[in-house]
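For reference, the chains in residue letters:
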Amino acid sequence: MQSYKELGLSNTKGMYAKAVSGKFAVPGYNFNNMEQLQAIMTACIETKSPVILQVSKGARDYANQILLKHMARGSMEIVKASGVNIPVALHLDHGDSYELCVSCVESGFSSVMIDGSGKSFQENIELTKKVVKYAHDHDVSVEGELGVLAGIEDEVSHEKTHYTKPEEVQEFVSKTGVDSLAISIGTSHGAYKFKLKPGESVPPLRFDILEEIEKLIPGFPIVLHGASSVMPKYVDMINKYGGKMENAVGVPEEQLRRAASSAVCKINIDSDGRLAMTAKIREVFAVKPGEFDPRKYLGPARAELIEMYKHKNINVLGSAGKA
Ligand code: G3H
Ligand code: 13P
Ligand code: ZN
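Conventions we followed
Residues numbered from 1 in each chain as written. Chains lettered and ligands numbered in written order. Predicted model: local features only at pLDDT ≥ 70, side-chain atom pairs only at ≥ 80, totals over all residues. Heavy atoms only, no water. Near = heavy atom within 4 Å. Polar contact = N/O pair within 3.5 Å; in protein donor to acceptor, adjacent residues only side chain to side chain. Areas by Shrake-Rupley, 256 points an atom, 1.4 Å probe, with all protein chains shown as cover. Nonpolar A, V, L, I, M, F, W, Y, C, P; charged D, E, K, R; others polar. Donors = N, O, S within 2.8 Å, 3.2 Å for Na, K, Ca; no water. Helix = DSSP H or I, 4+ residues; strand = E, 2+ residues; numbered from the N terminus. Buried < 20%, exposed > 50% of the residue type's maximum accessible area, 1.4 Å probe, protein only. Pairing = 2+ DSSP bridges. Axes fitted to C-alpha atoms, helices over the stretch in contact; angles between N-to-C directions. Contact = heavy atoms within 4.5 Å.

J.: I'd like a description of the site of ligand 1, backed by residues and values.
T.: Ligand 1 sits among Asn30, Ser56, Asp93, His94, His189, Asp270 and Arg274. Here Ser56 contributes a side-chain N or O atom positioned 2.6 Å from an oxygen atom of ligand 1. Asp270 places a polar side-chain atom, nitrogen or oxygen, 2.6 Å from an oxygen atom of ligand 1. With the chains in place, 68% of the 310 Å² that ligand 1 exposes on its own is no longer accessible. Here the residues of the shell around ligand 1 sort into no nonpolar, 4 polar and 3 charged.

J.: Lay out the coordination of the zinc ion (ligand 3) in plain terms, naming residues and giving numbers.
T.: Note on the zinc ion (ligand 3): its protein donors are His94 (NE2), His189 (NE2) and His225 (ND1). The metal-donor distances range over 2.1 Å. Each donor residue of the zinc ion (ligand 3) belongs to the same chain, with the gaps between them written as H-x94-H-x35-H. Of the two residues, His94 sits in strand E3 (residues 88-95) while His225 sits in the loop between strand E9 (222-224) and helix H9 (232-240), which places them 131 residues apart along the sequence. With respect to class, His94 is no different from His225; both count as buried.

J.: Tell me what's going on with the sheet that holds strand E5 (residues 141-146), and back it up with residues and numbers.
T.: Taken in spatial order, the 8 strands of this closed barrel run E1-E2-E3-E4-E5-E8-E9-E10, and their pairing is parallel. With strand direction ignored, the average angle separating the axes of adjacent strands in the sheet is 25°. With 3 bridges joining them, strand E8 (residues 180-183) and E9 adopt parallel strand pairing. When the bridges of E9 are listed, Leu181 appears paired with Ile222. Across the face of the sheet, helix H2 (residues 34-46) comes into contact with strand E1 (26-30), strand E2 (51-56) and E3 while running at roughly 165° to E2. Across the sheet, helix H5 (residues 98-106) is in contact with E3 and strand E4 (111-114); its angle to E4 comes to roughly 175°.

See below:
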């Protein structure tokens, strides 16, 4: 058993308390490799932002869970050496079983998500409650989910959004004891969030549902998944340098800013990082076709990621200076 406290990590409770009172959102940034982790840590140290480092089941399989633990430990040593004290949580993103959540708690995660959103309401409550019982015994935070995002969730493809039903949130939160709740108000995972006809613009998120939920569970931390903006500059770069991403559309940043200043305490961003990295690597390959040293394309990709995460913290989430 590796306690996250020995690694210098924090659970999410203190971060969310500050986010609720300060009206900002803590970034939930996914990583799979060294360059992504370095970029997230550099951007959050430089902007003095709290951060939730997110590892999906796929990332855990890809990067090796033992290495991940040591990467988190290394990140905390870098934070210490920087002299800037930011809280860092290591979070399981979209945990799909009790056993996976337990394994993550045992290997040093300070927060886990149990995603029972594809199950019936009662089954979701039962599973989430079981995870909360185990996690809270180890002072680890738990995120639950109600409502289903369109797109890929839990390695299952959902054609349609099932918005969170406000009438279910109170019962879910009180029966499970979760520390935060992911809801579905129109965001979705990936780079193709909205199918727009020519001339159409992105529809607004269902802020009415968010406001109703906020009234029913005031001050309770809400999480927004699928919150990449699919930044047009990166889609354009990808297409310019040989890629093919047609009709890739995300959530406009103004809408995310509005969400961050409400009950939304964590905003999950993965796809924007993937796009920034891919765009920069494609540019290097196109401009310097003879380049074959990975540092010469992963380095510029990392530098681009740092700027992208700093922009999110400062201009979208409002988390800069809130560590
Ligand atoms: O919500 C899903 C995240 O973007 C992680 O995606 O399962 O491909 O690592 P992944
Ligand atoms: P995006 O695909 O919009 O970046 O969402 C990421 C996410 O929700 C991770 O859990
Ligand atoms: Zn998600």
